[in-house]
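Coordinates in review
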Amino acid sequence: HEIVMNAQGEAVVAGGAAPLELKADLDVVKATLDPIAKLQPFFGGFARAKIWMGQQGIIMPLHYDSTDNLYVMAYGRKRAIIGPPGQLHTLYRYPNGHPLVGSSQVNISAPDLDIYPNFEHAQLKEVIVGPGDILYLPAWWWHQFEQPFEDTAALNLWSRDREKAPDSTIRDLRIREHALFDLLESAVTQIFGNRAGLILDGLANDKNKNNDPEYARAKKAMKAAAKSWLDWIKQAPGSHPKVSYSTNQLVVDFLDTQKEVMPEIQEWQPGAIWDLTQTAVLPRDLRERCQPAAETSVFMSLCG
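Residues numbered from 1 in each chain as written. Predicted model: local features only at pLDDT ≥ 70, side-chain atom pairs only at ≥ 80, totals over all residues. Heavy atoms only, no water.

**Some words on the nonpolar core**
The condition that has to hold: Throughout, nonpolar core names a set of buried Ala, Val, Leu, Ile, Met, Phe, Trp, Tyr and Cys residues whose side chains join them through atoms within 4.5 Å. Burial classification: accessible surface area is computed with a 1.4 Å probe over protein chains only, and a residue below 20% of its type maximum counts as buried, one above 50% as exposed, and the rest as partly exposed. Going along the chain from the N terminus, every DSSP run of H or I of four or more residues is numbered as a helix, and every run of E of two or more is numbered as a strand. Contacts are assigned to residue pairs that have any heavy atoms within 4.5 Å of one another.
Formed by 39 residues in total, the largest nonpolar core has its most connected members in Leu184, Val188, Met222 and Leu255. Elements with a minimum of two residues in this core: helix H2 (88–91), helix H4 (176–192), helix H5 (196–204), helix H6 (213–235) and helix H7 (247–256). For this core, the leading source of residues is H6, giving 9 residues. Met222 has contacts with Leu184, Ala187, Val188, Leu200, Leu203, Val251, Phe254 and Leu255, leaving out every residue within four places of it along the chain. Among the nonpolar cores identified, the runner-up in size contains 14 residues, and Leu26, Leu33, Leu70 and Val72 belong to it.

**Quick word on the sheet that holds strand E6 (residues 69–75)**
Through backbone hydrogen bonds, the strands of a sheet pair up, either in parallel or in antiparallel fashion. How we decide: Two strands make a pair as long as DSSP finds a minimum of two bridges between them. Note on method: axes are straight lines fitted to C-alpha atoms, helices fitted across the in-contact stretch only, with angles between N-to-C directions ranging 0 to 180 degrees.
Taken in spatial order, the 5 strands of this open sheet run E1-E4-E11-E6-E9, and their pairing is antiparallel. Strands with a single pairing partner mark the edges of an open sheet, and in this sheet they are strand E1 (2–5) and strand E9 (134–137). Taking each pair of neighbouring strands and ignoring which way they run, the sheet shows an average axis angle of 25°. In the sheet, E1 pairs with strand E4 (residues 43–54) via 3 bridges, with the strands oriented antiparallel.

**A closer look at unusual backbone geometry**
Backbone geometry places Gln87, a non-glycine residue, at a positive phi of 55°. By the secondary structure assignment, Gln87 is in the loop between strand E7 (78–83) and H2. A relative accessible area of 11% means that Gln87 is categorised as buried. Phi is positive for Tyr92, close to 55°, though the residue is something other than glycine. Mapped onto the fold, Tyr92 is located in the loop between H2 and strand E8 (125–129).

**Details of the environment of Leu180**
Inspection of the secondary structure assignment puts Leu180 in helix H4. Look at Leu180 and you get buried, because its relative accessible area is 0%. Here the alpha-carbon distance between Leu180 and Ile233, two residues 53 residues apart in the chain, equals 9.9 Å. What Leu180 contacts, discounting residues up to four positions off in sequence, is Ala226, Trp229 and Leu250.

**Some remarks on a nonpolar patch on the surface**
As a reminder of what qualifies: Here the term patch refers to residues with relative accessible area over 30% and no salt bridge, with like charges joined within 9 Å and nonpolar side chains (Val, Leu, Ile, Met, Phe, Trp, Tyr) within 5 Å. Only the protein chains shown count as covering a residue, and every accessible area follows the Shrake-Rupley method with a 1.4 Å probe. Salt bridge, as applied in this entry: a Lys or Arg side-chain nitrogen positioned within 4 Å of an Asp or Glu carboxyl oxygen.
Taken together, the side chains of Ile36, Leu39 and Ile134 present a nonpolar region at the surface, about 280 Å² in accessible area. Structurally, the position occupied by Ile134 is in strand E9. The partly exposed category is assigned to Ile134, whose relative accessible area is 33%.

**Some words on the side chain of His89**
Under the convention used in this document: Counted as a polar contact is a pair of N or O atoms within 3.5 Å, where, for protein atoms, one must be capable of donating a hydrogen and the other of accepting one, and residues adjacent in sequence contribute only when both atoms are in side chains.
Position of His89 relative to the elements: it lies in helix H2. Polar side-chain contacts of His89 include one of 3.2 Å to the side chain of Asp256. With residues near it in sequence (within four places) discarded, His89 still touches Asn118, Glu177, Phe181, Asp253, Asp256 and Thr257.

**A short note on the pattern of salt bridges**
Taken as a whole, this structure holds 14 salt bridges when the rule is applied. For Asp182, the salt bridge is made with Arg93, and the minimal N-O distance between the two is 2.9 Å. Of this pair, Asp182 sits in helix H4 while Arg93 sits in the loop between H2 and E8, placing them 89 residues apart in sequence. Judged by its relative accessible area of 4%, Arg93 falls in the buried class. A salt bridge links Asp201 to Lys207; its shortest N-O distance comes to 2.5 Å.

**Structural notes on the sheet that holds strand E10 (residues 142–146)**
The 4 strands are arranged E5-E10-E7-E8 in an open sheet whose pairing can be described as antiparallel. A strand with exactly one partner marks an edge of an open sheet, and here the two such strands are strand E5 (59–63) and E8. When the angles between neighbouring strand axes are averaged without regard to direction, this sheet yields 20°. Direction of pairing for E5 relative to E10: antiparallel, over a ladder of 3 bridges.

In structure tokens, the structure reads:
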């Protein structure tokens, strides 16, 4: 995959100016899609575009984007698994400090319910998209793309919001759960910095056997953050299903999603070697012709 249009709507290749032919093609695509894009309630213009080309069997694991997205199929068919926003407790979102922030920890193609029991209650649907189809993915909606049929090519275009668009937490109440989890994580990160992952892992997996004051300090900070979220929710229009929860229950629910985030990681910091082996296990036929990419590569595997 490659970014072919930057945030200013300019055609690019590898960060530089794109060939005139690509620019002309993108101009036609934007002009064609503009009437459709304007049906999005808060559309303020196209922001970025990315081209995707993949071999049969490849999976883009379950994740969400924070902006609206038009996904245009050009060649081949894909299976899209989609789910409504929120569901952080059932889909086990990676935290903000993780390289896979915005993605689910669960391999939904072969979920391990012993490790991720709440996944049983996840709300997901399936749709097949083929050449000429345009799939509208609103901001914060979960989606996974699979290629079980043949090789594929697609283009997706993200949108920017129009001026004075209402905040996302007003537009979709389910997104308020993101604000809660972000507040709880941030409360620990502000105190412990790069050690936040260790602290959260210790609390989530009940490693505080010696009554370490650091754990107590982290939990106190999270309860304060949970209270501020509850105070906001009680005043906000529309409320939220968790408005009746205690601060302790909100913290427990959050920690329940952190148990498997960093089983072998020593530090929470950029460049940490995270265990990505179970995020999207390659099918057997791909494993036989793929090798792990170098650590400096932007890809996980190189396939011949």
